[in-house]
Amino acid sequence: MFTNNARILLVGIFLAMQLFFIYQHVYELAAVMVLFVVLIIWGYFKEGTVILAAKSFHKKDYDKAESLLRQIAQPAWLSKKRRGFYEFILGGVSLQKQDYDAAEKHYELASQFPLRSANDHVAALVHVANISIRQQNFDKARAYLELAGKHEGKITAKMKEVIAKLELELKQH
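Residues numbered from 1 in each chain as written. Predicted model: local features only at pLDDT ≥ 70, side-chain atom pairs only at ≥ 80, totals over all residues. Heavy atoms only, no water.

(A) Highlighting the side chain of Ser 94. Relative to the helices and strands, Ser 94 is located in helix 5 (residues 80–96). With a relative accessible area of 8%, Ser 94 lands in the buried category. Excluding residues that lie within four positions of it along the chain, Ser 94 makes contacts with Asp 99, Ala 102, Ala 103 and His 106. (Helix = DSSP H or I, 4+ residues; strand = E, 2+ residues; numbered from the N terminus. Buried < 20%, exposed > 50% of the residue type's maximum accessible area, 1.4 Å probe, protein only. Contact = heavy atoms within 4.5 Å.)

(B) Summary view of the packing of aromatic side chains. Evaluation of the coordinates by the stated rule reveals 6 aromatic pairs. With a centroid separation of 4.8 Å and an interplanar angle of 75°, the aromatic rings of Tyr 44 and Phe 45 are classed as edge-to-face. Look at Tyr 44 and you get partly exposed, because its relative accessible area is 25%. A relative accessible area of 32% means that Phe 45 is categorised as partly exposed. Through successive ring pairs, a cluster of aromatic residues spans Tyr 44, Phe 45 and Trp 77. (Phe/Tyr/Trp six-rings, centres within 6.5 Å; stacked < 30°, edge-to-face > 60°.)

(C) Highlighting the pattern of salt bridges. With the rule as written, the count across this model stands at 9 salt bridges. Measuring nitrogen to oxygen at the nearest pair gives 2.7 Å for the salt bridge that ties Lys 140 to Glu 104. Of this pair, Lys 140 sits in helix 8 (residues 138–149) while Glu 104 sits in helix 6 (residues 100–111), and the two are 36 residues apart along the sequence. For Lys 140, a relative accessible area of 22% gives the class partly exposed. Beyond isolated ion pairs, a larger network of salt bridges with shared partners links Glu 66, Arg 70 and Lys 97. (Salt bridge = Lys/Arg side-chain N within 4 Å of Asp/Glu carboxyl O.)

(D) Highlighting the environment of Ala 65. As for its placement among the helices and strands, Ala 65 is situated in helix 4 (residues 62–70). Sequence separation between Ala 65 and Val 93 is 28 residues; the distance between their C-alpha atoms is 7.7 Å. Contact partners of Ala 65, with chain neighbours within four places excluded, come to Ala 53, Ser 56, Phe 57 and Val 93.

(E) Seen up close, the packing of helix 6 against helix 7 (residues 118–134). At their nearest, the axes of helix 6 and helix 7 sit 9 Å apart, and the two run at 145° to each other. The element helix 6 and its partner helix 7 pack so that their crossing is left-handed. Residue-level contacts link Tyr 100, Ala 103, Glu 104, Tyr 107, Glu 108, Ala 110 and Ser 111 of helix 6 to His 121, Ala 124, Leu 125, His 127, Val 128, Ile 131 and Ser 132 of helix 7. Here the residues of the contact of helix 6 with helix 7 sort into 8 nonpolar, 4 polar and 2 charged. (Axes fitted to C-alpha atoms, helices over the stretch in contact; angles between N-to-C directions. Left-handed = near helix turned anticlockwise from the far one by under 90°. Nonpolar A, V, L, I, M, F, W, Y, C, P; charged D, E, K, R; others polar.)

(F) Focus on helix 1 (residues 4–23). Spanning 20 residues, helix 1 covers 29 Å between terminal C-alpha atoms, matching the ideal 28 Å at 1.5 Å per step. Those residues of helix 1 that fall on the buried side of the exposure criterion are Asn 4, Arg 7, Val 11, Phe 14, Gln 18 and Phe 21. The buried residues of helix 1 occupy an angular sector of 105° when the element is viewed end-on, so they sit on one face. Away from its buried face, by an angle of more than 90 degrees, helix 1 presents the exposed residues Asn 5, Ile 8, Leu 9, Leu 19 and Tyr 23. Contacts made by the buried residues of helix 1 are with helix 2 (27–46). Phi for His 25, located one or two positions after helix 1, is positive at around 60°. (Expected span 1.5 Å × (residues − 1). Arc of directions from axis to C-beta.)

Set out below in structure tokens:
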């Protein structure tokens with residue numbers, strides 16, 4: 001839950017403390033500092049800045065959310081849960097920028113990973129279906145709405161309404 005600059009600062013502080021503890025011959029605390037450094041580095045690769053980006057995204061600060069997500073050099077190295085959320089947020093940012101091709105790509109990727117809830121998973125599928133309808137790709141939209149329909153018992157009433165509207169729109173084409 002740190003930015004990359006905060007991680008670098010903390011690693012520097014812990015390494016300085018480790019050197020101090022080695023100088024004072026307190027090797028137990030020096031080993032604890034090594035453990036802290038390892039945990040911060042592990043967090044960089046497995047967690048990234050996804051949580052901070054999610055907070056910015058929910059505050060509708062899309063530029064900050066995108067810049068925090070862009071700090072992640074290797075999204076493929078994120079844990080599966082974080083990777084799904086990474087793609088979901090990036091899809092939302094792309095949608096706000098009206099970059100529909102990128103949004104579709106990110107929502108498709110998000111739907112392949114576990115998300116926080118079934119409703120989020122269905123939201124990713126519905127976004128792909130909606131973008132597909134707008135791009136006149138009706139077969140793809142039907143396929144994604146069918147996948148979303150498999151989660152019917154686990155989604156909110158509002159999401160059910162959105163699915164019904166999209167299905168009605170598909171019937172008109």
